[in-house]
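# Results of the structural survey
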Amino acid sequence: MATSEAVRQVLSGALPRLGCFDLSLSNVNGVISVQSGVNNTRKRSSVCAQVHKHSRISQDRRRICAFQARNSVFHGKNDVSRLNSMSCKCQRAERLTGATAEDQHRDLLVDDSDKETSIPPNGITSPGINEFEVDQQLKHEEGGFGSNGKPATAGKHKASTQKVRTNSIEDEAWKLLKNSMVYYCNNPVGTIAANNPSSTSTLNYDQVFIRDFIPSGIAFLLKGEYDIVRNFILHTLQLQSWEKTMDCYSPGQGLMPASFKVRTVPLDGDDFATEDVLDPDFGEAAIGRVAPVDSGLWWIILLRAYGKCSGDLSVQERVDVQTGIKMILKLCLADGFDMFPTLLVTDGSCMIDRRMGIHGHPLEIQALFYSALLCAREMLAPEDASADLMRALNNRLVALSFHIREYYWIDMRKLNEIYRYQTEEYSYDAVNKFNIYPDQIPSWLVGFMPSTGGYLIGNLQPAHMDFRFFSLGNLWSIVSSLATLDQSHAILDLIEAKWDELVADMPFKICYPALEGQEWQIITGSDPKNTPWSYHNGGSWPTLLWQLTVACIKLNRPEIAAKAVELAEKRISLDNWPEYYDTKRARFIGKQAQLFQTWSAAGYLVAKLLLANPSAAKNLVNEEDSELANIFSCMISSSPRRKRGWKKQILV
């Protein structure tokens, strides 16, 4: 029904068109029906310059684009062999002649006044920082520079100098972000993970990652540039439930890819025609071959943010988008063997995408899951077909909030309670429900836990509590209202109290503390990239600035985020926007960190934009539902232990 209704709306013009085509997504077999169209816009795809290595791209060149899907549909499981990619044919209208593709490349941060405007490797042009003008402005405001490069008049107009420097850093970040944009069929569809012009080892950093694009997308939304986010949402939706396989196994229906790449290839039999291809990766090509759990959750969160910021609710109201939301929810809410309301996932299925001992029920996934459920409930259209799904959604929200708030929370009071736990308790009214052994309390935690403040632990499983502090999970628990108001303030209290451990010289530690010694060997498998205080094992990630800023603004404590942003500004531009930093105090650039990392720049920009306009943060947060809060209070007052004890008294 969803397919036929969508086709009817497309044919009648009711649904908006995207780029070269429109689509509707069936919720039965993941089959996508497509209506073709024509687009005569200028081809700017980043990969065109790579395909035509011996041609100069004419500035007035036009392309005729027409969507082509083999056999007219996106095939289901029975037609996997016939489906290679989603593609868009682009035929050039005039012959290309000229220099090699190398002439089209230019550095990210060059002075544009010294060079002609040319098309960079990612296929766009954008205004850059005129370093000479910034330098002259500094000289004018400071009264000149001495031979050592410092102001001749020390301290004069210090505030103005700092403002100019900050503006230049922001301009540089915007330039990096725009130079990372990727085009598909003449439409911007995302940003690549990193865009280092001097690096030859790109690995998969030349792809558009869903989780990486979130801060980029929010930066564009806050800047009022909505098209790229809209295109990203709709194009990634087309990749949902793609029937690619890994060793003969297919991803679950509703799964979103971890990333996708835009490739431009020549068409057979035509020297001048090219075809754009979207090539998704569901984990079958990823390191460790782990499917992403967080991609679909982030997609729902970004979809809501797009509607809130742009005011355009037509995207989330589309039949195919509504179907996409339902498919993600059905995948996450499916019944299984697990008895907990938390989402059961494998290790490495989120931002920490390598083996780090977070398999089971990691906090980060639960916080994103809770946020996505709230966002989906807000966007789902009321209809009879959604009644059962909405009921399951509401039930999970209640159970999940109770479970996380009650069992994941740790502070000095809770720590003392765990220290005195009795084990091997068998009954409905057991205090130590998960059979946690007090000897599991690590020695570092005793000194780390402040007298005021607390946080949500990283993971909870039978006979195991992961006491590590995971930043994204705690920050997003504040943003999504998964944590109570008191717990949220306590998390920020902890961050302030443990600033040297969690922030130090560069925000923000992805987790604390790092795994070391034999523990590192066993849990990570002696991962040479995840050595102690590096990468995901205690490394510092500047992109986390934006989640910190949203959380601080929500609790009306923006000074914490402002302090972290000011700290980052001292180095991040000079260090060429690294992916992450190493050592306990983040003194070193990550040993294998990519430079000119897009989400490092985007995270900084979102933080700056929100600090300048705090009211915009309301489009990103989930306010606590009063109905859920009341139910949670009732569950606390009528826990199984108290309820059964009351019955015993009646029976007596």
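Everything quoted here is computed from the prediction, not taken from an experiment. (Residues numbered from 1 in each chain as written. Predicted model: local features only at pLDDT ≥ 70, side-chain atom pairs only at ≥ 80, totals over all residues. Heavy atoms only, no water.)

Applying the stated rule across the entire model yields seven cavities of 30 Å³ or more. Counted as a void, the largest cavity has a volume near 70 Å³. Mapped by element, the contributors of at least two residues to the lining of the largest cavity are helix 5 (210-223), helix 7 (294-310) and helix 18 (545-554). Broken down by element, the residue count for the lining of the largest cavity peaks at three residues, all from helix 5. Across the lining of the largest cavity, the residue classes tally to seven nonpolar, two polar and three charged. (1 Å grid on protein atoms, 1.4 Å probe; cavity = no way out; pocket = protein on both sides within 12 Å on 5 of 7 lines; lining within 4 Å. Points joined across faces, edges and corners; volume = space filled by probe spheres on them. Helix = DSSP H or I, 4+ residues; strand = E, 2+ residues; numbered from the N terminus. Nonpolar A, V, L, I, M, F, W, Y, C, P; charged D, E, K, R; others polar.)

Moving on to the packing of aromatic side chains. Scanning all chains against the criterion turns up 20 aromatic pairs. Seen from their ring centres, Trp476 and Trp546 are 5.6 Å apart, and the 65° between their planes marks the pair as edge-to-face. With Trp476 in helix 14 (residues 471-479) and Trp546 in helix 18, this pair connects stretches of sequence that are 70 residues apart. The two residues Trp476 and Trp546 agree in class, both being buried. Between the aromatic rings of Tyr512 and Trp533, the centroid separation amounts to 5.8 Å while the plane-to-plane angle is 50°, which identifies the pairing as tilted. Here Tyr512, found in strand 16 (residues 511-512), pairs with Trp533, found in the loop between helix 17 (517-524) and helix 18; they are 21 residues apart in sequence, far enough to count as distant. Per residue, the accessibility class of Tyr512 equals that of Trp533, and both read buried. Following the ring pairs from residue to residue traces out a cluster consisting of Trp444, Phe448, Tyr455, Phe469, Tyr512 and Trp533. Of note, Lys563 hangs over the ring of Trp499, and the distance from its end group to the ring centre comes to 4.4 Å. (Phe/Tyr/Trp six-rings, centres within 6.5 Å; stacked < 30°, edge-to-face > 60°. Buried < 20%, exposed > 50% of the residue type's maximum accessible area, 1.4 Å probe, protein only. Lys NZ or Arg CZ within 6 Å of the ring centre and 35° of its normal.)

So, on to the packing of helix 7 against helix 10 (residues 363-379). Where helix 7 contacts helix 10, the two axes come as close as 9 Å, and the packing angle between them is 45°. Here helix 7 is positioned oblique relative to helix 10, judged by the angle of their axes. As helix 7 runs across helix 10, the sense of the crossing is left-handed. The residues of helix 10 that touch helix 7, namely those facing Asp294, Leu297, Trp298, Ile300, Ile301, Leu303, Arg304 and Lys308, are Glu364, Ile365, Leu368, Phe369, Ser371, Ala372, Cys375, Ala376, Glu378 and Met379. The residue inventory of the contact of helix 7 with helix 10, partitioned by class, reads twelve nonpolar, one polar and five charged. (Axes fitted to C-alpha atoms, helices over the stretch in contact; angles between N-to-C directions. Parallel < 35°, antiparallel > 145°, perpendicular 65-115°, else oblique. Left-handed = near helix turned anticlockwise from the far one by under 90°. Contact = heavy atoms within 4.5 Å.)

Right, let's get into helix 6 (residues 227-238). Between its first and last C-alpha, helix 6 extends 17 Å over twelve residues, near the 16 Å set by a 1.5 Å rise per residue. Buried residues dominate helix 6, accounting for eleven of its twelve residues. Among all positions of helix 6, only Ile228, Val229, Arg230, Asn231, Phe232, Ile233, Leu234, His235, Thr236, Leu237 and Gln238 are buried. (Expected span 1.5 Å × (residues − 1).)

What follows covers the nonpolar core. Within the largest apolar cluster, 161 residues are counted, with the highest numbers of intra-cluster contacts made by Trp299, Ile325, Tyr455 and Ile495. Tallying contributions element by element places helix 10 first for this core, with twelve residues. (Core = buried A, V, L, I, M, F, W, Y, C linked by side-chain atoms within 4.5 Å.)

For the largest pocket, the calculated volume is near 850 Å³. Forming the walls of the largest pocket are 35 residues, and the residues nearest its centre are Leu255, Val293, Leu331, Leu344 and Val345. Listing elements by their share of the lining of the largest pocket, those giving two or more residues are helix 7 and helix 9 (319-333). If you tally residues by element for the lining of the largest pocket, the top one is helix 9, at three residues. Residue composition of the lining of the largest pocket, by class: 20 nonpolar, nine polar and six charged.

Let us look at the packing of helix 9 against helix 11 (residues 387-408). Running from N to C, helix 9 and helix 11 point in directions that differ by 50°, and their axes come no closer than 11 Å. Accordingly, the angle class assigned to the pair helix 9 and helix 11 is oblique. Helix 9 and helix 11 meet at a crossing whose hand is left-handed. In this structure, helix 9 contributes Lys326, Leu329, Lys330, Cys332 and Leu333 to the contact, and helix 11 contributes Leu389, Ala392, Leu393 and Arg396. For the contact of helix 9 with helix 11, a count of residues per class yields six nonpolar, no polar and three charged.

For the α-helix, the turn length of 3.6 residues means that residues three or four positions removed from each other point alike. The end-to-end C-alpha distance of helix 15 (residues 485-497), which contains 13 residues, comes to 18 Å, matching closely the 18 Å that a straight helix rising 1.5 Å per residue would cover. Considered for burial, the residues of helix 15 that qualify are Gln487, Ser488, Ala490, Ile491, Leu492, Leu494 and Ile495.

What follows is about the pattern of salt bridges. A complete count under the given rule lists 22 salt bridges for this structure. Between Arg405 and Glu624 there is a salt bridge; the shortest N-O distance is 3.0 Å. Placement of the pair is Arg405 in helix 11 and Glu624 in the loop between helix 20 (598-612) and helix 21 (626-637), with a sequence separation of 219 residues. By sharing partners, the salt bridges in this structure join Glu170, Glu569 and Lys608 into a single network. (Salt bridge = Lys/Arg side-chain N within 4 Å of Asp/Glu carboxyl O.)

Burial runs high along strand 7 (residues 187-191): five of the five residues are buried. Of the strand pairs in this sheet, strand 6 (residues 181-184) and strand 7 are connected by four bridges, and their pairing is antiparallel. Across the sheet, the residue bridging to Tyr184 is Asn187, located in strand 7. Taken together, strand 6 and the strand that follows it, strand 7, pair antiparallel across an intervening segment of two residues, in which Cys185 is found at a positive phi of about 55°. (Pairing = 2+ DSSP bridges.)

Quick look at the environment of Leu373 now. Position of Leu373 among the secondary structure elements: in helix 10. With a relative accessible area of 0%, Leu373 lands in the buried category. Sequence spacing of Leu373 and Ile325 is 48 residues, and the spatial spacing of their C-alpha atoms is 9.9 Å. Not counting the four nearest positions on each side in its chain, Leu373 is found in contact with Leu329, Leu333, Leu393, Arg396 and Leu397.

Moving on, we get to the pairing of strand 9 (residues 259-266). Sheet analysis places strand 8 (residues 208-209) next to strand 9, joined by two bridges and oriented antiparallel. Bridge pairing links Phe209 to Ser259 in strand 9. Sheet topology places strand 9 next to strand 10 (residues 273-281); eight bridges connect them, and they run antiparallel. When the bridges of strand 10 are listed, Thr264 appears paired with Asp276. Adjacent in sequence and paired antiparallel, strand 9 and strand 10 are bridged by six residues, among which Gly269 carries a positive phi angle near 85°.

Our focus in this paragraph is unusual backbone geometry. Residue Phe508 is reached from Pro507 by a cis peptide bond, and omega for that bond is 10°. The phi dihedral of Ser526 is positive, around 60°, even though this residue is not glycine. Inspection of the secondary structure assignment puts Ser526 in the loop between helix 17 and helix 18. One non-glycine residue, Trp577, lies in positive phi territory at about 55°. Checked against the element boundaries, Trp577 lands in the loop between helix 19 (558-569) and strand 17 (581-582). Residue classification places Trp577 among the buried residues on the basis of a relative accessible area of 0%.

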